Amino acid sequence: MSNENSHQVAIVDYGMGNLYSVKHACQHVGLRAVITSSAEEILAARAVILPGVGAYRDAMETLSRLDLASVIRDVAASARLLVGICLGMQLLMSESEEYGRHEGLGIVPGRVLKLPDREHGQPVKVPHIGWTGIHRPPAQPTSTDPWHGSFLDDVAEGEPMYFVHSYFVKPERADVVLSTSSYGDESFCSSLTRGNVMACQFHPERSGPAGLHVYRNLAQLISSESKEKLSE
Amino acid sequence: MKVRLIPRLDIKGPNLVKGIHFEGLRVLGKPEDFARDYYEHGADELIYMDAVASLYGRNSLLDIVERTSREIFIPLTVGGGLRSLDDIRSALRAGADKVSINTAAIARPELIREASRTFGASTIVVSIEANQRSDGSYEAYVNYGRDSTGVDAFEWAIRAAELGAGELMVTSVNREGTGKGFDVDLTRRIAASVPIPVIAGGGAGSAAHVHDVVAQGGVNAVAIASLLHYNSMRRFQEANHDATSEGNVEFLRRGTASKRFEDTSIDALKTYLTRYGIECRHRPEAIAHVE
């Protein structure tokens with residue numbers, strides 16, 4: 001069992017976004033969370049949350065300057081949970097087209113693209129700010145519920161979550177897509193999961209009771225993961 | 001796209017206050033109590049606006065923000081007296097998700113660009129307090145609707161969007177606190193001229209007013225104060241809620257304050273909008289007080 005004093009969740013602080021609402025949501029569901037930019041603390045935590053709001057290039061530059069890009073890749077390569085939220089989800093991808101072309105962390109193959117500003121020829125506002133439903137991706141070959149056992153376990157189909165973004169991710173592999181949402185003419189990937197890496201475009205910490213349910217699922221995943229370690 | 005209903009809480013010292021045309025502020029109670037009530041009743045976001053910070057250059061709001069952010073899991077926008085990137089950073093560190101700037105942005109428009117670049121465009125709401133002149137034109141006001149600037153509100157809206165604002169909150173000074181309905185023409189003209197979302201504020205007195213500013217004003221969100229506050233206050237009083245001792249509370253006892261405002265709630269407003277074809281987020285029936 002890991003050190004009782006170590007934090008269950010490390011929230012990566014690279015100067016972007018509202019880390020505090022993430023921390024408060026963690027605490028609300030009983031997770032011990034720390035906001036940190038220390039590689040040591042990040043590597044000692046059972047789960048790592050990469051949050052973020054802001055510009056892609058600045059975020060990548062800051063992560064590199066703080067020597068955190070490689071630390072986050074190490075977390076992804078380990079068995080510990082890595083959760084990207086909003087810009088944090090986009091940073092997991094290979095590259096972004098936000099104001100030019102910028103390399104991402106390359107943890108999930110795929111690209112970050114600009115949201116459309118049209119729907120059926122009519123203008124729509126960008127950024128996409130507000131509550132939009134999340135849906136299971138189009139029918140999978142298997143009949144199992146893709147949300148079962150994920151951080152969306154027991155979330156209602158079509159549940160509105162809070163989004164604030166101008167760009168969205170397009171993973172190379174469709175089978176990592178956990179949910180889709182629509183804005184303008186685009187149906188985009190609003191959450192994804194691949195092994196120990198999971199991410200969402202929406203802000204569960206700002207999505208009311210449904211969002212807190214996502215945090216409860218994360219707490220569940222963290223505790224079952226550490227139980228598995230105990231039994232090994 | 002679901003329209004957002006956003007309770008706006010104007011704060012002076014430790015109290016929730018409300019005036020008419022931004023003047024004659026009455027104390028309504030503790031902002032945290034109203035914030036919790038609105039969260040539990042399906043508010044889509046909250047706005048905290050410091051009613052005096054612009055005038056006195058202080059930020060007494062941050063303690064309230066900090067406490068609120070721990071128990072309210074919807075987006076919180078904080079404004080009033082934020083003058084610099086450091087001020088914005090303090091608000092975000094206290095738990096705000098977005099900040100709203102007006103006075104400092106008019107004084108130095110580049111602040112919008114710098115803030116948007118530093119914190120992300122979607123974090124920066126530019127608040128426009130639009131006052132209609134007798135010739136029908138609109139002027140942007142500053143310092144909580146008190147001071148004129150000579151800046152045309154429509155030109156300023158376009159400029160603010162170009163400088164990188166993520167959203168605009170457009171409040172009609174003429175309608176603010178009156179309950180006479182929104183200035184639909186003002187919001188429609190601004191919403192049609194910028195590519196970013198627009199929040200309408202100032203004038204909500206009934207569900208029909210909210211409907212009109214969404215259906216005809218073309219806005220993405222509506223900020224509502226008195227219409228919700230007076231209804232919540234009545235519910236609190238019925239529940240024997242402690243009234244605050246600071247400020248003007250006499251009108252509470254007279255019970256005449258809410259005549260200009262329909263009996264309603266966030267749920268009732270959303271039910272009304274949905275009946276008329278406007279999409280809203282409805283809270284799950286099972287929302288619990290423990291949340």
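Because the structure is a prediction, the values reported are computed rather than measured. Every chain is numbered on its own, with residues counted from 1 as its sequence reads. Chain A is the first chain written and ligand 1 is the first ligand written, with later ones labelled in order. For a predicted model such as this one, the threshold for reporting local features is a pLDDT of at least 70, and the threshold for listing and counting side-chain atom pairs is 80 or more; totals across whole chains, interfaces and linings nevertheless cover every residue.

Participant: How would you explain the overall build of chain A if you had to name every residue and give the values?
Facilitator: Scanning chain A for helices and strands turns up six helices and 15 strands. Here the C-alpha radius of gyration of chain A, 17 Å, is about what a compact globule of 232 residues would show, namely 17 Å. Taken along the three principal axes of its C-alpha coordinates, chain A extends 55 × 45 × 30 Å. Going through the 232 residues of chain A one by one, you find that 50% of them count as buried. What counts as a helix is a DSSP run of H or I of at least four residues, what counts as a strand is a run of E of at least two, and both are numbered from the N terminus. When we talk radius of gyration, it's over C-alpha atoms, and the globule rule is simply 2.2 Å times the number of residues to the 0.38. As a rule, residues whose C-beta atom has 12 or fewer other C-beta atoms within 10 Å are exposed, those with 20 or more are buried, and those in between are partly exposed; C-beta atoms are placed from the backbone.

Participant: Mind laying out the overall build of chain B, listing which residues take part and the relevant values?
Facilitator: Each helix and strand in chain B was counted, giving 12 helices and 12 strands. Counting every position in chain B, which comprises 291 residues, the buried fraction comes to 54%. By definition, residue pairs are in contact when their C-beta atoms, positioned from the backbone, come within 7 Å. A sequence separation of at least 24 residues applies to 68% of the contacts in chain B between residues at least 6 apart.

Participant: Lay out the interface of chain B and chain A in plain terms, naming residues and giving numbers.
Facilitator: When the parts of a complex come together, some accessible area is lost, and that lost area is often used as the size of the interface. In this assembly, 29 residues from chain B lie in contact with 25 residues from chain A. Secondary-structure elements contributing two or more residues to the side of chain B that touches chain A are helix 3 (62-71), helix 4 (85-94) and helix 6 (110-119) of chain B. Basically, the charged four are Asp, Glu, Lys and Arg, the nonpolar ten are Ala, Val, Leu, Ile, Met, Phe, Trp, Tyr, Cys and Pro, and anything else, Gly included, counts as polar. Looking at the side of chain B that touches chain A residue by residue, the classes come out as 12 nonpolar, seven polar and 10 charged.

Participant: Can you tell me about the pairing of strand 11 (residues 198-201) of chain B, naming the residues and giving the values?
Facilitator: All names here are of chain B. Burial along strand 11 is two-sided: the residues V198 and A200 and I199 and G201 are all buried. Two elements, strand 10 (residues 167-172) and strand 11, share four bridges in a ladder whose sense is parallel. Bridge pairing in strand 11 places V170 opposite A200. Crossover handedness is defined by viewing with both strands directed away from the observer: a clockwise path from the first strand over the helix to the second marks the crossover as right-handed. In this fold, the crossover linking strand 10 to strand 11 by way of helix 8 (residues 184-193) has right-handed handedness. A pair of strands is treated as paired once DSSP finds two or more bridges between them. Strand direction decides the pairing type here: strand 11 and strand 12 (residues 221-224), joined by three bridges, are parallel.

Participant: Lay out helix 7 (residues 153-162) of chain B with the relevant residues and their values.
Facilitator: Residues and elements named next belong to chain B. The set of residues buried in helix 7 consists of A153, W156, A157, A160 and A161. In an axial view of helix 7, the angular spread of the buried residues amounts to 135°, which keeps them on one side of the axis. One or two residues past the end of helix 7 sits G164, with phi positive at roughly 115°. Our arc is simply the arc of the directions from the helix axis toward the C-beta atoms.

Participant: So what's going on with the environment of B:V65? Which residues, and what values?
Facilitator: Residues and elements named next belong to chain B. Tracing the backbone shows V65 in helix 3. Between the C-alpha atoms of V65 and I196, which are 131 residues apart in sequence, the distance is 26 Å. The residues touching V65, leaving out its near neighbours within four places in the chain, are Y48, L76, V78, A91, A94, G95 and A96.

Participant: Tell me about the pairing of strand 3 (residues 47-50) of chain A, residues and numbers included.
Facilitator: Each regular strand displays side chains that alternate between the two surfaces of the sheet. All names here are of chain A. The alternating pattern of strand 3 places A47 and I49 on one face and V48 and L50 on the opposite face, and all of these are buried. Bridge analysis of strand 3 against strand 4 (residues 81-85) gives four bridges, and the strand direction is parallel. Bridge assignment links A47 to a residue of strand 4, and that residue is L81.

Participant: For the packing of helix 1 (residues 31-40) of chain B against helix 10 (residues 226-238) of chain B, give the residues involved together with the corresponding values.
Facilitator: Residues and elements named next belong to chain B. Helix axes are fitted to C-alpha atoms over the stretch in contact, other axes to C-alpha atoms as well, and angles between N-to-C directions run from 0 to 180 degrees. At a closest axis distance of 11 Å, the pairing of helix 1 and helix 10 adopts a crossing angle of 100°. Taken together, the axes of helix 1 and helix 10 are roughly perpendicular relative to one another. Touching D33, F34, D37 and Y38 of helix 1 are L228, H229, S232 and F236, all from helix 10. Looking at the contact of helix 1 with helix 10 residue by residue, the class counts come to four nonpolar, two polar and two charged. Oblique is the label for any angle not under 35 degrees, not over 145, and not in the 65 to 115 range, which are roughly parallel, roughly antiparallel and roughly perpendicular in turn.

Participant: I'd love a proper account of the nonpolar core, names of residues and values included.
Facilitator: Nonpolar side chains in soluble globular proteins tend to be buried together. Definition of nonpolar core: a set of buried Ala, Val, Leu, Ile, Met, Phe, Trp, Tyr and Cys residues joined via C-beta atoms within 7 Å. With 169 residues, the main nonpolar core has B:L46, B:Y48, B:L168 and B:V222 as its most contacted residues. Filtering out sequence-adjacent residues up to four positions away, B:L46 remains in contact with B:I6, B:P7, B:L9, B:A35, B:Y38, B:I72, B:I74 and B:L76.

Participant: Requested: an account of the confidence of the model for chain B, with residues and values cited.
Facilitator: Across chain B, pLDDT averages 89, with 89% of residues at or above 70. Here the predicted complex scores 0.92 on pTM and 0.91 on ipTM. A residue's pLDDT is the predictor's confidence in that residue, given on a scale from 0 to 100.

Participant: Describe in detail the confidence of the model for chain A, supporting the description with residues and values.
Facilitator: Here chain A shows a mean pLDDT of 91. Residues at 70 or above account for 92%. Averaged pLDDT values for the elements of chain A fall to 85 in helix 6 (residues 208-231) of chain A and rise to 98 in strand 15 (residues 197-200) of chain A.

Participant: Outline unusual backbone geometry, supporting the account with residue identities and numerical values.
Facilitator: Residue and element names in this part refer to chain A. In this structure, the amide linkage connecting V126 to the following residue, P127, adopts the cis form with an omega of 10°. For P127, the location among the structural elements is in the loop between strand 9 (122-123) and strand 10 (128-133). Phi at D67 is positive, roughly 60°, even though this residue is not glycine. Mapped onto the fold, D67 is located in the loop between helix 3 (56-65) and helix 4 (69-77). Positive phi, normally seen in glycine, also occurs at D154, with a value near 70°. Mapped onto the elements, D154 comes out in the loop between strand 10 and strand 11 (160-165).

Participant: Account for helix 12 (residues 266-275) of chain B, with residues named and values stated.
Facilitator: All names here are of chain B. For helix 12, the complete set of buried residues consists of I266, L269, K270 and L273. Within helix 12, the buried residues cover an arc of 95° as seen down the axis, which keeps them to one side. Where helix 12 is buried, its residues contact strand 1 (4-12), helix 1, helix 9 (207-215) and helix 10. G277 lies just past helix 12 and shows a positive phi near 85°.

Participant: Give a detailed account of the packing of helix 9 of chain B against helix 12 of chain B, specifying residues and quantitative values.
Facilitator: Residue and element names in this part refer to chain B. Where helix 9 contacts helix 12, the axes come no closer than 9 Å and their chain directions differ by 50°. It follows that helix 9 is oblique to helix 12 by the angle criterion. Both helix 9 and helix 12 take part in a crossing whose hand is right-handed. Every residue of helix 12 that contacts helix 9 at A207, V210, H211 and V214 is listed here: A268, L269, Y272 and L273. The residue makeup of the contact of helix 9 with helix 12, split by class, is seven nonpolar, one polar and no charged. Crossings are sorted by hand: turned counterclockwise from the far helix by less than a right angle, the near helix makes the crossing left-handed, and turned clockwise it makes it right-handed.

Participant: Go over the environment of A:I134 with me, naming the residues and quoting the values.
Facilitator: All names here are of chain A. For I134, the location among the structural elements is in the loop between strand 10 and strand 11. With 42 residues separating them in the primary sequence, I134 and L92 have C-alpha atoms 20 Å apart. Once residues within four sequence positions are removed from consideration, I134 is found in contact with E159, M161, S179, S181, S190, S191 and F202.

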